[in-house]
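The lines below spell out each chain.
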Amino acid sequence: MNETKPHFSLKNYNTFGIEVKAQDVVFLTQTKQLKDIPNLQNCLILGGGSNVLFTKDIETTVILNQTKGITTIAEYSETIELEIASGENWHELVLHCVKNNWGGIENMSLIPGSVGAAPMQNIGAYGVEIKNVLTYVKAFDLQTLKEVKFTNEDCHFGYRESIFKKEQKGNYFISSIGILLTKTNHKLNTSYGAICEVLQAKNITNPTIADVSQAVVEIRQSKLPDPKVLGNSGSFFKNPVILKSQLEVLKQQFPNIKSFDVDAEHVKVPAGWLIESLGWKGKRVGNTGSHKDQALVLVNFGNAQGSEVKDLSEAIKQSVWDTYQIRLETEVNIY
Ligand code: FAD
Ligand code: NAP
């Protein structure tokens, strides 16, 4: 039998630091515990709580995923395949791989949260996404408890999207993932963001994956608010992708608008730029606001209610729409 804790505060289990209560919680250390959880199909699964915003009490059981294990599935002369339990911490996995000189996920250093949530929104940073290394996802169907193995293709990965965040949201417990990493001939990606500048400043001309990981850690620590100090869930919105033709029209009125090519017809506009341009950066509204260094990150100044953060996000969306006719989509999972 699982030990359940009733009326459990989730304040320390979401990085926004929002005070809500769960009907009860189960600390899951082994997947075999799933079968003993009543109404499993209605449960909410939480890893690190770093991509959620709670706007009300959770009137179901919350499963706090603490399953552990990293196993080598196959090893070849140039690559290695690992299977990792979903409750492992993502950044600790990155450090473990960097230490063993296994390449492919170093650009995603210091992303908070669990391994199991990584495929949920196809986590990504500095030009690398989990879909670039993921070989499979193992998951339990919460209705039938049947284990299903999803290939990379089955996951329908997109920009901060997957089948688990869209059509199958809430239907599966992701129990483990497989990833394929390089042992030699690492394909380093240092062209994105400030990685190159940081390496140059250190006079590193031939970087190792450990150098890249360390550079990413330093950039992130210098720019992003630490949730332990200021509650937040990272980027609140996704970067919108718009037609190039719309960008050309916008450029006539806003010549400084930033964009990055996506394909022949589309560009990505940094949501942070749009929000900052409208004066939201660093603006405080009650107990919440947009962070002073990162407009895209909404923060909890102390005792914010989830609904206040949500209201602020709606106001920001509206103002971006009114000025640019661009719809911002929320990245964070709101409950
Ligand atoms: P949670 O918040 O616990 O859960 C998120 C969602 O996934 C919920 O819907 C939950 O029900 C579901 N879920 C969690 N575990 C499972 C499971 N085992 N099975 C099924 N469903 C599950 N994200 C990026 O992509 N790139 C970044 O660079 C990045 N930087 C961040 C920086 C900061 C400071 C913060 C606070 C967040 C950042 N994020 C980033 C967002 C977040 O870290 C990631 O989305 C992360 O993968 C969330 O993991 P988690 O375990 O905390 O998920
Ligand atoms: P940044 O380097 O200041 O860049 C701002 C935005 O421009 C980013 O959102 C990024 O898009 C885009 N960008 C920058 N260089 C690019 C390039 N060469 N090609 C295409 N797009 C480019 O961003 P930042 O805020 O410091 O974040 C750094 C990285 O960490 C980004 O990849 C970001 O996604 C990730 N991050 C994510 C979260 C989250 O919660 N999801 C939080 C913090 C940081 P992309 O976002 O599409 O990469």
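As shown above, the structure is provided for reference.
This text gives an overview of the structure that appears in the document. As the structure is a computational prediction, the values presented were derived from the model and not from experiment.

### Details of the overall build of the chain
(1) Moving on: Helices and strands together make up the secondary structure of the chain, namely six helices and 20 strands.
(2) Moving on: Relative to the 2.2 N^0.38 estimate, which gives 20 Å for 335 residues, the radius of gyration of the chain is 20 Å and therefore close to what a compact globule would have.
(3) Moving on: For the chain, the spread of C-alpha atoms along the three principal axes comes to 65 × 50 × 35 Å.
(4) Moving on: Buried residues in the chain amount to 49% of all 335 residues.
(5) Moving on: Sequence-distant contacts, at least 24 apart, represent 61% of the contacts inside the chain between residues at least 6 apart.
(6) Moving on: Accessible surface for the chain amounts to roughly 16300 Å². Of this, 48% is attributable to carbon and sulfur atoms.
(7) Moving on: Between the centroid of the 34 positive side chains of the chain and the centroid of its 36 negative side chains there is a distance of 3 Å.

### Regarding the sheet that holds strand E2 (residues 21-28)
(1) Moving on: Within the open sheet, the four strands sit side by side as E1-E2-E5-E3. Their pairing is mixed. Looking at strand neighbours, the two that pair on one side only are strand E1 (4-9) and strand E3 (44-46), the edges of this open sheet. Strand-to-strand twist of the sheet, defined as the mean angle between neighbouring strand axes without regard to direction, takes the value 35 degrees.
(2) Moving on: Note: E1 against E2, five bridges, orientation antiparallel. Bridge assignment links lysine 5 to a residue of E2, and that residue is valine 25.

### So, the site of ligand 1
(1) Moving on: Ile45, Ser50, Ser114, Arg220 and Tyr335 are the nearest of the 32 residues found near ligand 1.
(2) Moving on: Take glutamine 121: an N or O atom from its side chain is 3.0 Å from an oxygen atom of ligand 1.
(3) Moving on: With respect to ligand 1, the side chain of tyrosine 335 contributes an N or O atom lying 2.6 Å from an oxygen atom.
(4) Moving on: Protein coverage of the free-state accessible area of ligand 1, which is 970 Å², stands at 94%.
(5) Moving on: Classifying every residue of the shell around ligand 1 gives 15 nonpolar, 15 polar and two charged.

### Structural notes on unusual backbone geometry
(1) Moving on: Despite not being glycine, histidine 7 shows a phi value in the positive range, around 45 degrees.
(2) Moving on: You can see histidine 7 is positioned in strand E1.
(3) Moving on: Given the relative accessible area of 62%, histidine 7 is considered exposed.
(4) Moving on: Even without being glycine, leucine 145 reaches a positive phi, approximately 65 degrees.
(5) Moving on: In this structure, leucine 145 sits in the loop between strand E10 (134-141) and strand E11 (147-151).
(6) Moving on: Under the relative-accessibility criterion, leucine 145 is labelled partly exposed at 30%.

### Quick notes on the site of ligand 2
(1) Moving on: In the neighbourhood of ligand 2, 16 residues make up the surrounding shell, with Tyr192, Lys223, Ser235, Lys268 and Glu331 lying closest.
(2) Moving on: Tyrosine 126 is positioned with one of its backbone polar atoms (N or O) 2.9 Å from an oxygen atom of ligand 2.
(3) Moving on: At 2.7 Å from a nitrogen atom of ligand 2 is found a side-chain nitrogen or oxygen belonging to glutamate 331.
(4) Moving on: Relative to its free-state accessible area of 800 Å², ligand 2 is covered by the protein chains to the extent of 78%.
(5) Moving on: Of all the secondary-structure elements, those providing two or more residues to the shell around ligand 2 are helix H3 (209-223) and strand E13 (231-235).
(6) Moving on: Split by residue class, the shell around ligand 2 holds six nonpolar, five polar and five charged.

### Some remarks on the packing of aromatic side chains
(1) Moving on: Taken as a whole and judged by the stated rule, the model has 12 aromatic pairs.
(2) Moving on: For the pair tryptophan 273 and tyrosine 324, a centre-to-centre distance of 6.1 Å together with 55 degrees between the ring planes defines the contact as tilted. Taken as a pair, tryptophan 273 in helix H5 (residues 271-277) and tyrosine 324 in helix H6 (residues 306-324) lie far apart in primary sequence, 51 residues in all.
(3) Moving on: Judged by relative accessible area, which is 3%, tyrosine 324 ranks as buried.
(4) Moving on: By the ring-pair criterion, three or more aromatic residues cluster together here, those being Phe8, Tyr13 and Phe27.
(5) Moving on: Directly above the ring of tryptophan 280 sits lysine 283, whose terminal nitrogen or CZ lies 5.0 Å from the centroid.
(6) Moving on: Above the ring of tryptophan 321, the side-chain terminus of arginine 327 is found at 4.0 Å from the ring centroid.

### Let's talk about the pattern of salt bridges
(1) Moving on: Inspection of every chain in the model, using the stated rule, returns 11 salt bridges.
(2) Moving on: Note that lysine 131 is salt-bridged to glutamate 129, the shortest N-O span being 3.7 Å.
(3) Moving on: Judged by relative accessible area, which is 33%, lysine 131 ranks as partly exposed.
(4) Moving on: Residue arginine 160 pairs with glutamate 331 through a salt bridge whose shortest N-O separation is 3.8 Å.

Analysis parameters
- Position numbers for residues start from 1 in each chain and track the written sequence from start to end.
- The naming scheme follows written order: chains are lettered A onward, ligands numbered 1 onward.
- Where totals are concerned, whole chains, interfaces and linings use all residues; where local detail is concerned, this predicted model gives features only for residues with pLDDT of at least 70, and gives and counts side-chain atom pairs only at 80 or more.
- Only hydrogens and water are set aside when side-chain values are computed; all heavy atoms of the structure are taken into account.
- Secondary structure counts use DSSP, requiring at least four H or I residues in a row for a helix and at least two E residues in a row for a strand, with both numbered from the N terminus.
- Put simply, the radius of gyration uses C-alpha atoms, and a globule should come to 2.2 Å times the residue count raised to 0.38.
- The classification of residues rests on relative accessible area computed with a 1.4 Å probe and restricted to protein chains. Under 20% of the type maximum is buried, over 50% is exposed, and intermediate values are partly exposed.
- Two residues form a contact once any of their heavy atoms are found within 4.5 Å.
- Calculation of accessible area relied on Shrake-Rupley with a 1.4 Å probe; when residues are assessed, cover is drawn exclusively from the protein chains displayed.
- Counted charges follow a simple rule, with Lys and Arg positive, Asp and Glu negative, and His plus the chain ends left uncounted.
- In this description, the location of a charge corresponds to atom NZ of lysine, CZ of arginine, CG of aspartate or CD of glutamate.
- If DSSP finds at least two bridges between two strands, the strands pair.
- A fitted line through C-alpha atoms represents every axis, and for helices the fit uses only the stretch in contact; the resulting angles, taken between N-to-C directions, go from 0 to 180 degrees.
- By convention in this text, a residue qualifies as near a molecule or strand provided that one of its non-hydrogen atoms is within 4 Å of it.
- The definition of a polar contact used here is a pair of N or O atoms within 3.5 Å, where within protein one atom must be able to donate a hydrogen and the other to accept one, and adjacent residues in sequence count solely through side-chain atom pairs.
- In this count, Pro and Cys sit with the nonpolar residues alongside Ala, Val, Leu, Ile, Met, Phe, Trp and Tyr, while Asp, Glu, Lys and Arg are called charged and the others, Gly among them, polar.
- Stacked, tilted and edge-to-face are the three classes applied to pairs of Phe, Tyr and Trp rings, where Trp contributes its six-membered ring and a pair requires centres within 6.5 Å; stacked means planes under 30 degrees apart, edge-to-face means over 60, and tilted covers the rest.
- A ring is scored as having a charge over it whenever the NZ atom of a lysine or the CZ atom of an arginine sits within 6 Å of its centre and within 35 degrees of its normal.
- The working definition used for a salt bridge is a side-chain nitrogen of Lys or Arg within 4 Å of a carboxyl oxygen of Asp or Glu.

Just geometry here; none of it tells us what the structure is for.
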